[in-house]
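Now for the letters of each chain:
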Amino acid sequence: LSYEKPGCYNTAAYCTPSAGGRWRLCDDVIAHTALTDALKRVFDMERLIGRVAYGTANCRDLRALSAAISCLPEIKTQAALFGQAMLRELTGKIDLLEDIRALVEQAIVDEPPILLREGGMIRKGFNEEIDRLRDLASGGKGKIAEIEQAERERTGISKLKSRLQTVVFGYYIEVSRSNAEAVPENYIRKQTLANSERYITEELKQLESTVLGAQERLTALEYEVFVSVRDRIAAEVHRVQKTAQAIAALDVLCALADVACDNNYVCPVVDFSDRIGIKDGRHPVVEKMLSDSLFIPNDTLLDSKENRVAIITGPNM
């Protein structure tokens, strides 16, 4: 066992610098820092995909997973700047998971509720039936406008109005008295006012009935669609786990590189000989604990020939 130059913390086979000098993490502080900063923005992907696979993830978990995936391109780009074999291998294992992120971004709103049974979590445009029920649950304004325009064209009454007065009173069509003669036969008088008459139609009655149950159906359908999205992501669990493990390994290596660079640690070269040779060896814990004095490095040489025994005293024992 012997030690190579400072800052190299992998095995000797990986310690040869590239021509450009960016072989290891410690060779380029700027690129190393950029990679570390990108890694800091990644949530625990393995925990998140575990919740997805077990069916316990909520909308915010999916948003967190999407946010983590959005950091992968930068991480892969920064990691690819280094030529060390282990870093190249880990970079190759990073799947950008663009399809998963696209699914979450298309399906889930930016700030979803915590509870899955509250509704309001599926983005507009992702599911036509949800959009329709959402419009109905908010009073059916879109459908009311359609009916109003259709009735104006059919009756020729330009000032015809279709609206919801109260939940109890329901929907109605209001026609001024001056246009009373143009009212179709299928209109059913509902209320008489000083200057107008209010009517209902079978179409309005059906719409009213639909609106009353729209919110309940909307909430149920949103949950159903969310579960479908979650299941589609769960089917890709192995891809996410593989990427998460590569990201975790990069995170550990960056942390080790920080420690190696900050403390001037060196890489042990391990072979099958009987020799242990340490030049200016330091005790990391004792060295950090000393506040009012300097740590004195120590040499160590052991082998199976003339240096079989060493008597060591003091804190390095």
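Residues numbered from 1 in each chain as written. Predicted model: local features only at pLDDT ≥ 70, side-chain atom pairs only at ≥ 80, totals over all residues. Heavy atoms only, no water.

Draft legend 1. Region of the structure containing the overall build of the protein. Check the secondary structure of the protein and you find 11 helices and 8 strands. Counting over 317 residues, the protein shows a buried share of 37%. Contacts in the protein between residues far apart in sequence, at least 24 positions, make up 63% of those at least 6 positions apart. (Helix = DSSP H or I, 4+ residues; strand = E, 2+ residues; numbered from the N terminus. Buried < 20%, exposed > 50% of the residue type's maximum accessible area, 1.4 Å probe, protein only. Contact = heavy atoms within 4.5 Å.)

Draft legend 2. Examining the pattern of salt bridges more closely. Across all of its chains, the model carries 19 salt bridges by this definition. Residue Arg189 pairs with Glu197 through a salt bridge whose shortest N-O separation is 3.1 Å. Several salt bridges share partner residues, and in doing so they unite Arg63, Glu105, Asp110 and Arg123 into one network. (Salt bridge = Lys/Arg side-chain N within 4 Å of Asp/Glu carboxyl O.)

Draft legend 3. Expanded view of helix α1 (residues 29–40). In a regular helix each residue adds 1.5 Å, so 12 residues correspond to 16 Å; α1 covers 16 Å between its end C-alpha atoms and thus fits that length. Within the span of α1, buried status applies to Ala31, His32, Leu35, Thr36, Ala38 and Leu39. Each buried residue of α1 lies within a common arc of 160° when the element is viewed along its axis, so the set occupies one face. Turned more than 90 degrees off the buried face of α1, the exposed positions are Val29, Ile30 and Lys40. Looking at the buried residues of α1, the elements they touch are α4 (72–79) and α10 (237–263). (Expected span 1.5 Å × (residues − 1). Arc of directions from axis to C-beta.)

Draft legend 4. Expanded view of unusual backbone geometry. Of note in this structure, Asn264 is not a glycine but carries a positive phi near 60°. With respect to the element layout, Asn264 can be found in the loop between α10 and β6 (266–269). Despite not being glycine, Asp280 has its phi angle at roughly 55°, a positive value.

Draft legend 5. Local environment of the packing of helix α6 (residues 98–107) against helix α9 (residues 202–234). Where α6 meets α9, the axes come as close as 10 Å, and the angle between the chain directions of the two elements is 170°. Judged on the interaxial angle alone, α9 and α6 are roughly antiparallel. Between α6 and α9, the contacting residues are Ile100, Leu103, Val104 and Ala107 on the first element and Val229, Arg232 and Ile233 on the second. Residue composition of the contact of α6 with α9, by class: 6 nonpolar, no polar and 1 charged. (Axes fitted to C-alpha atoms, helices over the stretch in contact; angles between N-to-C directions. Parallel < 35°, antiparallel > 145°, perpendicular 65-115°, else oblique. Nonpolar A, V, L, I, M, F, W, Y, C, P; charged D, E, K, R; others polar.)

Draft legend 6. Fine view of the nonpolar core. Counting 69 residues, the largest nonpolar core has Met45, Ile75 and Ile233 as its most contacted members. The element that contributes the greatest number of residues to this core is α9, accounting for 11 residues. Look past the residues within four positions of Ile233 in its chain and what remains in contact with it is Ile49, Val52, Leu62, Leu65, Ile100, Leu103 and Val104. (Core = buried A, V, L, I, M, F, W, Y, C linked by side-chain atoms within 4.5 Å.)

Draft legend 7. Representation of the pairing of strand β4 (residues 188–192) in the model. Across 4 bridges, β4 lies against strand β5 (residues 196–200) in antiparallel orientation. Looking across to β5, one finds that Ile188 is bridged to Ile200. In sequence, β4 turns back onto β5 through a hairpin of 3 residues. (Pairing = 2+ DSSP bridges.)

Draft legend 8. Seen up close, α6. Looking at α6, one finds that the buried residues are Ile100, Leu103, Val104 and Ala107. For α6, the buried positions fall inside an angular range of 95° around the axis, keeping them on one side. Contacts from the buried residues of α6 go to α3 (59–70), α9 and α10.

Draft legend 9. Molecular detail of the side chain of Asn58. Mapping Asn58 onto the fold places it in the loop between α2 (45–53) and α3. In terms of polar contacts, Asn58 uses its side chain to reach the backbone amide nitrogen of Asp61, at 2.9 Å. With sequence-adjacent residues up to four places away left out, Asn58 is seen in contact with Ile114, Leu116 and Phe226. (Polar contact = N/O pair within 3.5 Å; in protein donor to acceptor, adjacent residues only side chain to side chain.)

Draft legend 10. Representation of the environment of Gly281. Relative to the helices and strands, Gly281 resides in strand β7 (residues 276–281). For the pair formed by Gly281 and Asn298, sequence separation is 17 residues and the distance between their alpha carbons is 5.0 Å.

Draft legend 11. Representation of the packing of aromatic side chains. Per the stated rule, a full pass over the model turns up 1 aromatic pair. Seen from their ring centres, Tyr187 and Tyr199 are 5.7 Å apart, and the 50° between their planes marks the pair as tilted. Of this pair, Tyr187 sits in the loop between β3 (171–176) and β4 while Tyr199 sits in strand β5, and the two are 12 residues apart along the sequence. Assessed through its relative accessible area of 7%, Tyr187 is described here as buried. The exposure class of Tyr199 is buried, given its relative accessible area of 5%. Over the ring of Tyr223 we find Arg117; its NZ or CZ atom is 3.6 Å from the centre of that ring. (Phe/Tyr/Trp six-rings, centres within 6.5 Å; stacked < 30°, edge-to-face > 60°. Lys NZ or Arg CZ within 6 Å of the ring centre and 35° of its normal.)

Draft legend 12. How the structure looks around the confidence of the model for the protein. Summing up the model confidence of the protein, the mean pLDDT is 84 and the portion of residues at 70 or higher is 88%. Between the elements of the protein, mean pLDDT differs from a low of 39, seen in strand β1 (residues 2–6), to a high of 97, seen in α6. Low pLDDT, under 50, characterises residues 1–21; the stretch is placed with 65 contacts to residues that sit more than four places away or in other chains. (pLDDT = per-residue confidence, 0-100.)

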